[in-house]
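The chain contents come next:
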Amino acid sequence: MKVLIVGSGGREHAIAASVAKSRKVEQIYCAPGNAGISQIAQCVPIGAMEFDRLASFAREKAIDLVVIGMDDPLVGGLTDVLEAAGIRVFGPRRNAAILEGSKAFSKDLMKKYHIPTAAYENFSSPGEALAYLETARMPVVVKADGLALGKGVLICNTLQEARDAVITIMEKKQFGDAGNRIVIEEFMTGREVSVLSFVDGKTIRTMTSAQDHKRAGDGDTGLNTGGMGTFSPSPFYTQEIDAFCQKHIYQATVDAMAAEGRPFQGIIFFGLMLTESGPKVLEYNARFGDPEAQVVLPRMKNDLVEVMEACIDGRLDQITLDFEENAAVCVVLASGGYPVSYEKGFAISGLDAFDGRKDCFCFHAGTAWKDGEIVTNGGRVLGISALGKDLKEARAKAYEAAQWVSFQNQYMRHDIGRAIDEA
Ligand code: AMP
Ligand code: GLY
């Protein structure tokens, strides 16, 4: 088979590495990819939002399967465009990707189908939102409805902060049209868990759990980022919690989407909060997490392409997912200044140390080739993932391997997986 992966981050590198292990695959392309991906796939300079060019390329190369890694093209309808051109796609159509694309939609869906989530109200006018805040109990969480690179969520401790958040999102349009509508919801406390799943429209198969670290600095300080590191599995995600979620959250979400005439095929990523009154949905994503994929996929025993094809063909009920009884930790090496502003173009040294390793992987996120050298090309540059017999071993190995590479202005968090010590 020939597979085309759409995207250019660490997640897409992890997907490409798993696709490369499939016995069914002979050639991998990636649009646009990065320097790391170019070592296992042929990268083509087509952007993820260039739908017509992607469709032409896929037809010209007789691509058997397109895997869309990123949220923007999914929410924008790339699956629909490719399918109309007769191409097989792993990833939801536009009418199902709305599960991630509109928080107002997903909150209304959860309310209608009694899926546990924080209490909320949706607003499309700033006046009504501000009036509502006068009687709301603080803290509240104000969320831009649309995609905002994980930044459109503002936690507000005081009424004044909440008012400012409404103005920032709806009037100053800090997140553009993503802020035409907002969700204001109850603040929840608890541990966060990410559970990714394969879905074929009717059946859902969840993968092993993971936990992300979203803030830029040690001790969960600083700004929200795309994710500074992950570990898998989460020791807090017990069998009892899983049983509850399978029934009241996972299958319920798939059934709800089908009942709405929006059957979901692809990945549903459940962002959960384990609260005192039970697990609740924080958010849905319509794709693998980044950097969750970098700890979940290396632990998966199944042939990824076989599972994706089962999703497309509606026979996921015949698949049992199988994960190694081990653990993984991913530490992100970022450019100093991320997530705000940072320099690019610094040479990266030490990458060869990962060649041929089966227990440590260097997934490239923001990297590029320049004059025969691999250089930094983004905020998150590399994701160093390590496997171990347990989380502590995996963490020690990931931090050791993080020392093998270096580039100017590099920074990382030093406490990825610290929660493990409390388990
Ligand atoms: P989201 O993009 O909706 O997952 O939000 C990003 C992050 O904001 C989450 O990972 C949580 O840490 C935090 N967050 C979102 N909604 C809530 C909530 N209702 N209560 C507490 N924290 C929240
Ligand atoms: N790491 C969180 C996300 O991919 O949305």
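Conventions adopted
Residues numbered from 1 in each chain as written. Chains lettered and ligands numbered in written order. Predicted model: local features only at pLDDT ≥ 70, side-chain atom pairs only at ≥ 80, totals over all residues. Heavy atoms only, no water. Pairing = 2+ DSSP bridges. Helix = DSSP H or I, 4+ residues; strand = E, 2+ residues; numbered from the N terminus. Axes fitted to C-alpha atoms, helices over the stretch in contact; angles between N-to-C directions. Contact = heavy atoms within 4.5 Å. Near = heavy atom within 4 Å. Polar contact = N/O pair within 3.5 Å; in protein donor to acceptor, adjacent residues only side chain to side chain. Areas by Shrake-Rupley, 256 points an atom, 1.4 Å probe, with all protein chains shown as cover. Nonpolar A, V, L, I, M, F, W, Y, C, P; charged D, E, K, R; others polar. Buried < 20%, exposed > 50% of the residue type's maximum accessible area, 1.4 Å probe, protein only. Phe/Tyr/Trp six-rings, centres within 6.5 Å; stacked < 30°, edge-to-face > 60°. Lys NZ or Arg CZ within 6 Å of the ring centre and 35° of its normal.

**Student:** Explain the sheet that holds strand 10 (residues 191–200) to me, and be specific about the residues and the numbers.
**Tutor:** Taken in spatial order, the 4 strands make up an open sheet running 11-10-16-17, and their pairing is antiparallel. Each edge of the sheet is formed by a strand with only one pairing partner; in this case those strands are strand 11 (204–206) and strand 17 (278–285). Adjacent strand axes in the sheet meet at a mean angle of 35 degrees, parallel and antiparallel pairs treated alike. Across the face of the sheet, helix 9 (residues 239–259) comes into contact with strand 10, strand 11, strand 16 (265–275) and strand 17 while running at roughly 135 degrees to strand 16.

**Student:** I'd love a proper account of the site of ligand 1, names of residues and values included.
**Tutor:** Near ligand 1 there are 14 residues, and of these E185, E186, M188, E192 and E283 occur at the shortest range. Between ligand 1 and E185 there is a distance of 2.7 Å, counted from a nitrogen atom to a side-chain nitrogen or oxygen. At a separation of 3.0 Å, an oxygen atom of ligand 1 approaches a polar side-chain atom of K214. Contact with the protein chains removes 92% of the 470 Å² of surface that ligand 1 exposes when unbound. Elements supplying a minimum of two residues to the shell around ligand 1: strand 7 (140–144), strand 8 (153–156), strand 9 (182–186) and strand 17. Class assignment for the residues of the shell around ligand 1 results in 7 nonpolar, no polar and 7 charged.

**Student:** How would you sum up the sheet that holds strand 9? Please name residues and give values.
**Tutor:** Reading across the sheet, the 4 strands line up as 6-9-7-8 and stay open at both edges, with antiparallel pairing between neighbours. Both edges of this open sheet fall to strand 6 (120–123) and strand 8, since each of them pairs with a single strand only. Taking each pair of neighbouring strands and ignoring which way they run, the sheet shows an average axis angle of 20 degrees. As judged from the 5 bridges shared by strand 7 and strand 9, these two strands associate in the antiparallel manner. Opposite K143, over in strand 9, you have V183 as the bridge partner. Against the sheet, helix 8 (residues 159–171) contacts strand 6, strand 7, strand 8 and strand 9, and its axis sits at roughly 0 degrees relative to strand 7.

**Student:** Go over the site of ligand 2, please, and point to the residues and values.
**Tutor:** Inspection of the region around ligand 2 gives D212, G226, F269, N285, R287, G289, D290, P291 and E292 as its neighbouring residues. G226 is positioned with one of its backbone polar atoms (N or O) 3.2 Å from a nitrogen atom of ligand 2. Interatomic distance of 2.8 Å between a side-chain N/O atom of E292 and a nitrogen atom of ligand 2. Within the complex, 91% of the 200 Å² of free accessible area of ligand 2 lies under protein. Residues of the shell around ligand 2, tallied by class, amount to 2 nonpolar, 3 polar and 4 charged.

**Student:** Account for helix 6 (residues 103–112), with residues named and values stated.
**Tutor:** Extensive coverage of helix 6 is indicated by the burial of 7 of its 10 residues. Its side-chain oxygen at 3.4 Å from the backbone nitrogen of A104, S102 defines the N-terminal cap of helix 6. Looking one or two residues beyond helix 6, the residue adopting positive phi is H114, at roughly 55 degrees.

**Student:** Can you break down the packing of aromatic side chains residue by residue, with the values?
**Tutor:** With the rule as written, the count across this model stands at 9 aromatic pairs. Note on F270 and Y284: the rings are 5.7 Å apart at their centroids and 70 degrees apart in plane angle, and the pair reads as edge-to-face. With F270 in strand 16 and Y284 in strand 17, the pair connects residues that are 14 residues apart, well separated along the chain. The rings of F90, F198 and F288 are connected pair by pair, giving a single aromatic cluster. Directly above the ring of F236 sits R191, whose terminal nitrogen or CZ lies 3.7 Å from the centroid.

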